Amino acid sequence: MITGMTIATAWVLDQESAKRFYTEKLGFEVRTDTTVGDFRWLTVGAKNQPDLELTLMEPKPPSLDPESAEQVRALVAKGVLGAGVFSTDDCHATYRELSARGVTFLQEPTNRPYGIEALLRDDSGNWYSLNQPHEQLDTDAEWGECIET
């Protein structure tokens, strides 16, 4: 039986640049940074969530064959690969803080039925949802109000 998830992967165009983005701009910490031959295993994670890491992986051999690696690089660069959802207690404040650090946002904080959401993009082109969950909504009217705002 699966008991949890410990590592997720984001394809990045340059690991060193990605490392700076995730640590300096998003405030993550480096968990692992080791090289075995031509393969660099680089993981980062949120300081308050030690059981989940994000692998910053360059699309290249040995993880991908050369043709697939080039295709993945092109998709990442185009910004068509979404990489996940980040949680926050205050989407508006986090948006202002990350914007001041130079993070590119594709969407300002917006009310959604599931919470307040902003979309940001890393330096490689991956996009993430930044989400502040709403408290449980009790009525259909509240859902409608949330959608309209």
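This text gives an overview of the structure that appears in the document. (Residues numbered from 1 in each chain as written. Predicted model: local features only at pLDDT ≥ 70, side-chain atom pairs only at ≥ 80, totals over all residues. Heavy atoms only, no water.)

Looking at the sheet that holds strand E2 (residues 29-36)
Point 1. One open sheet accounts for four strands, arranged E1-E4-E3-E2; its pairing is mixed. For this open sheet the edge positions go to strand E1 (7-11) and E2, each flanked by a neighbour on one side alone. Between one strand and the next, the sheet's axes are offset by a mean angle of 25°, whatever the strand orientation.
Point 2. Sheet topology places E1 next to strand E4 (residues 53-57); five bridges connect them, and they run parallel. Looking at the pairing, Trp11 lines up with Met57 of E4.
Point 3. Relative to strand E3 (residues 39-45), helix H1 (residues 15-25) is tilted by about 10°, and along the sheet it contacts E1, E2, E3 and E4. (Pairing = 2+ DSSP bridges. Helix = DSSP H or I, 4+ residues; strand = E, 2+ residues; numbered from the N terminus. Axes fitted to C-alpha atoms, helices over the stretch in contact; angles between N-to-C directions. Contact = heavy atoms within 4.5 Å.)

Concerning the side chain of Asn126
Point 1. With respect to the helices and strands, the residue Asn126 is situated in the loop between strand E7 (115-121) and strand E8 (127-133).
Point 2. Classification of Asn126 as buried rests on a relative accessible area of 2%.
Point 3. Side-chain polar atoms of Asn126 contact the backbone oxygen of Trp11, separated by 2.6 Å.
Point 4. Those residues in contact with Asn126 that lie beyond four places of it in its chain are Ala10, Trp11, Val12, Val76, Leu81, Ala83, Leu120 and Arg121. (Buried < 20%, exposed > 50% of the residue type's maximum accessible area, 1.4 Å probe, protein only. Polar contact = N/O pair within 3.5 Å; in protein donor to acceptor, adjacent residues only side chain to side chain.)

Here's the deal with helix H3 (residues 91-100)
Point 1. Burial in H3 covers these residues: Cys91, Thr94, Tyr95 and Leu98. Each buried residue of H3 sits inside an arc of 105° when the element is viewed along its axis, so together they form one side. Along H3, the residues that are exposed and aim more than 90 degrees away from the buried face are Arg96 and Ala100.
Point 2. Summarising the contacts, the buried residues of H3 are in contact with H1, strand E6 (104-112), E7 and E8.
Point 3. Two or three places before His92, at the start of H3, stands the capping residue Asp90, its side-chain oxygen 3.2 Å from that residue's backbone nitrogen. (Arc of directions from axis to C-beta.)

Digging into the sheet that holds E6
Point 1. Overall, mixed pairing links the four strands, which are arranged E5-E8-E7-E6 in an open sheet. Looking at the sheet topology across the chains shown, the edges are occupied by strand E5 (82-87) and E6. Sheet twist, expressed as the average angle between the axes of neighbouring strands with direction ignored, equals 20°.
Point 2. Bridge count for E5 against E8 is five bridges, and the pairing is parallel. Each bridged residue has a counterpart across the sheet, and for Val85 the counterpart in E8 is Ser129.

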